[in-house]
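What follows is the residue order along each chain.
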Amino acid sequence: MNGVMDRLIPIFDSDALPIGILVLIVIEAAVLYVWQRRNPSSPLGSPNTARIVSFLGAGGSLVAAMIFHRRPEPSPEGFALAMLAALVIHLWHITVLLRR
């Protein structure tokens, strides 16, 4: 088991994991957008781009904050801006959900 963990440590030490997560978030948004356009009567409701972007954008902003924080030379400004973006997008998501 220790051999497996030793091989995984470089993944956690690099930016590959958070950047990979950001790429997956973008792919998920594209898939949801296309799927909702093709299936407007789905249980997810009518296609709603604002709901997709506001939900996934907050998570993406948190991952971006993690990237700024874990850099060899951390960027407090970048971290703060990404966290502020996460807060604003999350509040936008709440307003989108309340309008349903």
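Residues numbered from 1 in each chain as written. Predicted model: local features only at pLDDT ≥ 70, side-chain atom pairs only at ≥ 80, totals over all residues. Heavy atoms only, no water.

If you check helix 3 (residues 49–70), its first and last C-alpha atoms are 31 Å apart, about what 22 residues at 1.5 Å a residue would give, namely 32 Å. Buried within helix 3 we find Arg51, Ile52, Ser54, Leu56, Gly57, Ala58, Gly60, Ser61, Val63, Ala65 and Ile67. Next to the buried residues of helix 3 lie helix 2 (16–38) and helix 4 (76–98). (Helix = DSSP H or I, 4+ residues; strand = E, 2+ residues; numbered from the N terminus. Expected span 1.5 Å × (residues − 1). Buried < 20%, exposed > 50% of the residue type's maximum accessible area, 1.4 Å probe, protein only. Contact = heavy atoms within 4.5 Å.)

At a minimum axis distance of 9 Å, the contact between helix 2 and helix 3 shows a crossing angle of 175 degrees. In terms of orientation, helix 2 lies roughly antiparallel with respect to helix 3. Only Thr49, Arg51, Ile52, Leu56, Gly59, Gly60, Val63, Ala64, Met66, Ile67 and Arg70 of helix 3 make contact with helix 2, whose side of the interface consists of Pro18, Ile19, Ile21, Leu22, Ile25, Glu28, Ala29, Leu32, Tyr33, Gln36 and Arg37. Here the residues of the contact of helix 2 with helix 3 are counted per class, giving 14 nonpolar, four polar and four charged. (Axes fitted to C-alpha atoms, helices over the stretch in contact; angles between N-to-C directions. Parallel < 35°, antiparallel > 145°, perpendicular 65-115°, else oblique. Nonpolar A, V, L, I, M, F, W, Y, C, P; charged D, E, K, R; others polar.)

Bringing the confidence of the model for the protein chain into the picture now. Averaged over the protein chain, the pLDDT score is 84; the fraction of residues at 70 or greater is 83%. Summarising per-element confidence for the protein chain, the mean pLDDT is lowest in helix 1 (residues 2–13) (63) and highest in helix 4 (94). (pLDDT = per-residue confidence, 0-100.)

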